[in-house]
Amino acid sequence: MKYNLDKEKELIRQFVENHHKAVETIYKNSFNMVKVLILQMGGNDNDAEDIFQEALIVLYHQAQRDHFELTSSISTYLYSVSRKLWLKKLNKNLSVSFVEDTDIFEKYSSKLMSEDYEEKELLFKKMEKSMDSLGEPCKSLLHNFYINSWSMERIVHELGYNNTDTAKTQKYKCLMRLKKIFFNEKNVKDDIPNE
Amino acid sequence: MTYPMNKLKEQVGLYLSDHLSVEDKKQFEKNLLQIPNNMLDNEKDLLFVKSLLVFKQHKQLKNRYQSIISHYKHNLYKHIQYVWYNQKITISIAACVGFLIAIVTGVTYNFFSSMQEVEKIDLLSKKIERVEYNQKTINASTGNKNHTAVPNSVIAKSSGTGFLIKKGLVLTSLHTLNKADSIFIVDSKDLFYKANVILKIDSLDVAVLKVEDKSFLSKYKNIPYNIKSQEEMLGEHLFSLGYPGVNLNYTEGFIASAENDNNRYTYNLFLPANPGTSGSPIINNNGEIVGMISGKTPNIENGVLAYKSSTINKALKKNEIFPNQTNILWGLGKKQQINKTSNYIYRIYCY
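Just so you know, these numbers come straight off a predicted model, no measurement behind them.

Visitor: Which residues make up the state of the cysteines, and what values do they have?
Guide: As used here, a disulfide is simply a covalent bond connecting the sulfur atoms of two cysteines. All names here are of chain A. Going through the model one piece at a time under the given rule, you end up with one disulfide over all chains. Here Cys 138 connects covalently by a disulfide to Cys 174, the sulfurs 2.1 Å from one another. Here the disulfide of Cys 138 and Cys 174 is left-handed, its torsion about the S-S bond being about -75°. Pair noted here: Cys 138 is in helix H7 (residues 138-147) and Cys 174 is in helix H9 (residues 164-184), with a separation of 36 residues, a long-range link. By relative accessible area, which is 3% here, Cys 138 ends up buried. For Cys 174, a relative accessible area of 0% gives the class buried.

Right, here's the structure in full:
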């Protein structure tokens, strides 16, 4: 496939800076490739969507790093990562190992995956659990502030606080509570009952 | 790689209470995200903020992605619905027209491809231009008035080869006889016999000629070969006897493929053949006839197309012609086989 590396780099930059269009463009360009791959390797449409999402996250983390440099098209990158992720998932579920993946491809794709991807995934799961066990109104306050990027003014207006200062104080308190929950929580990894 | 840990430690309190400037906040987030988890084991605040950032990023990305996916799915569904409800009639008509075109194309293609197939093969019947035959010479050489008379100075349209399969019945290729007014069989002693077509099989390029001349019938009755009713195998060595000119010509070759790509009733042979050898028998080492030459495959050097004897045999039996079954050539040397066979292979002249 022909591609313009400069264009792709620009796209990556927009992607990291959370431009809405960037995700859509990447999706349009690359999703079908990944879908075909997953369908060929025994997955269904939903699997393809999940794997592509994970691959996007991997790319996002990788692209944030200072020494990241794109050497192939984004599609190729996502394809390789998706393949690796899917094989990993298959191996986990079926305990079947794919011999072909242990050689050249493995070396190549392991270079593509940022080494701290799994660490971050772990943090994410832990935080997600903590957030879930955080009660209202803290949950919607933090959610709207961090995920939906609402301004303080909007939070005051929509969630019914007296002024921005009370909202800020409330937010800080909520953060502290979340922190407590976060560190009291057992690591998600240890959740498997060990009997 | 070194990380600005001290600076981050100083700033984390300010970050949590939203007292960092926008620039500093950005830099802080960027630096923090690059620090591995194990370096933050003793820095609970930093680990917490990092988790928060990761959570934020993942969640935002996932939300955006999900909205795109549902957008596309929704749009696709709506689009299909829209197209269907508004273009129902158009689509139906288009489908009908498409169906009709498919049928018409299929029929015409079949029709024309069957025509072209004949053209593809260089038919081996020899076009004779200006072969003048003097009746006087033949009458003089035979001295026999019983032989069929040939008109003086007639021009043969084409010539081919044929061989006897039963008393008075000669098998040859149909295309040799194309548009012939009259057909003559010429034996190795240059004697002419009038022949009539009694059977034509278009699909196999086969014609059966009947000779009613009594001297012919009495002379040629013990046919030494039989027509094999089984198929021959790939690689089998074969030879052929035919009349490209006025003298019998011997060639040999082998079965190059057991089935032609376009015609399953034929072998592809590797065997040199000349115009005029259409209808020549293909004979195996046991003296059995395994096929009949029909044409050349133009793109292959020395490629010859020959109809399988097994198919011809079946077709003949269907038309109640039962070819000779006994074979006296079994185990003989090739020269003897040729010698005994040559009397039963004839030139076919068409006028």
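Visitor: A description of helix H2 (residues 22-33) of chain B should follow, citing residues and the corresponding values.
Guide: With 12 residues, H2 of chain B should cover 16 Å at 1.5 Å per step; its first-to-last C-alpha distance of 17 Å lies within 8% of that length. Considered for burial, the residues of H2 of chain B that qualify are Phe 28, Glu 29, Asn 31, Leu 32 and Leu 33 of chain B.

Visitor: For the environment of Leu 14 of chain B, give the residues involved together with the corresponding values.
Guide: All names here are of chain B. The topology assignment puts Leu 14 in helix H1 (residues 5-16). Here Leu 14 falls in the partly exposed class, since its relative accessible area comes to 39%. Not counting residues up to four positions away in its chain, the partners in contact with Leu 14 are His 19 and Leu 20.

Visitor: Please provide a residue-by-residue account of the confidence of the model for chain A, values included.
Guide: Residue and element names in this part refer to chain A. Looking at chain A, pLDDT values average 76 and 79% of them are 70 or higher. Across residues 96-104, confidence stays below pLDDT 50; counting only partners more than four residues off in sequence or on other chains, it has nine contacts. Predicted confidence is poor over residues 187-195, with pLDDT under 50, and the contacts of this stretch with residues over four places away or in other chains come to five contacts.

Visitor: Can you explain the packing of aromatic side chains? Please cite residues and give values.
Guide: Taken as a whole and assessed by the stated rule, the structure comprises 24 aromatic pairs over all chains. Judged by centre distance (6.1 Å) and plane angle (75°), the rings of Tyr 27 of chain A and Phe 52 of chain A are edge-to-face. Highlighted residues: Tyr 27 of chain A in helix H2 (residues 20-40) and Phe 52 of chain A in helix H3 (residues 45-64), separated in sequence by 25 residues. Taking 5.6 Å as the distance between ring centres and 75° as the angle between the ring planes, the aromatic pair formed by Phe 184 of chain B and Tyr 351 of chain B counts as edge-to-face.

Visitor: Any details on the packing of helix H1 (residues 5-16) of chain A against H3 of chain A? Residues and values, ideally.
Guide: All names here are of chain A. H3 packs onto H1 with a crossing angle of 95° between their chain directions and a minimal axis gap of 10 Å. Looking at the two axes, H1 sits roughly perpendicular to H3. Contacts from Ile 12, Phe 15 and Val 16 of H1 reach H3 at Leu 56, Leu 59, Tyr 60, Ala 63 and Gln 64. Its residues assigned to classes, the contact of H1 with H3 shows seven nonpolar, one polar and no charged.

Visitor: An account of the packing of H7 of chain A against H9 of chain A is requested, with residue identities and associated values reported.
Guide: Residues and elements named next belong to chain A. Contact geometry of H7 with H9 gives a least axis separation of 10 Å together with a crossing angle of 105°. Classified by the angle between their axes, H7 and H9 sit roughly perpendicular to one another. Residue-level contacts link Cys 138, Leu 141, Leu 142, Phe 145 and Tyr 146 of H7 to Ala 167, Gln 170, Lys 171, Cys 174, Leu 175, Arg 177 and Leu 178 of H9. Along the lines of polarity and charge, the residues of the contact of H7 with H9 split into nine nonpolar, one polar and two charged.

Visitor: So what's going on with the pattern of salt bridges? Which residues, and what values?
Guide: Evaluation of the coordinates by the stated rule reveals 12 salt bridges over all chains. Measuring nitrogen to oxygen at the nearest pair gives 3.1 Å for the salt bridge that ties Glu 158 of chain A to Arg 154 of chain A. Placement of the pair is Glu 158 of chain A and Arg 154 of chain A together in helix H8 (residues 152-159), with a separation of four residues, close to one helical turn. Residue classification places Glu 158 of chain A among the partly exposed residues on the basis of a relative accessible area of 44%. Here Lys 334 of chain B ties to Glu 252 of chain B by a salt bridge, and the two come within 3.5 Å at their closest N and O atoms.

Visitor: Any details on the environment of Thr 266 of chain B? Residues and values, ideally.
Guide: Residue and element names in this part refer to chain B. The residue Thr 266 is located in strand E10 (residues 266-270) in this model. A residue is classified by how much of its surface remains accessible, and Thr 266, at 0% relative accessible area, is buried. Taking the C-alpha atoms as reference, Thr 266 lies 6.3 Å from Leu 305; in sequence the two are 39 residues apart. When residues no more than four places from it in sequence are discounted, the contact partners of Thr 266 are Ala 258, Glu 259, Asn 260, Leu 305, Ala 306, Tyr 307 and Lys 308.

Reading the values: rules and limits
Residues numbered from 1 in each chain as written. Chains lettered and ligands numbered in written order. Predicted model: local features only at pLDDT ≥ 70, side-chain atom pairs only at ≥ 80, totals over all residues. Heavy atoms only, no water. Disulfide = S-S within 2.5 Å. Helix = DSSP H or I, 4+ residues; strand = E, 2+ residues; numbered from the N terminus. Buried < 20%, exposed > 50% of the residue type's maximum accessible area, 1.4 Å probe, protein only. Expected span 1.5 Å × (residues − 1). Contact = heavy atoms within 4.5 Å. pLDDT = per-residue confidence, 0-100. Phe/Tyr/Trp six-rings, centres within 6.5 Å; stacked < 30°, edge-to-face > 60°. Axes fitted to C-alpha atoms, helices over the stretch in contact; angles between N-to-C directions. Parallel < 35°, antiparallel > 145°, perpendicular 65-115°, else oblique. Nonpolar A, V, L, I, M, F, W, Y, C, P; charged D, E, K, R; others polar. Salt bridge = Lys/Arg side-chain N within 4 Å of Asp/Glu carboxyl O.

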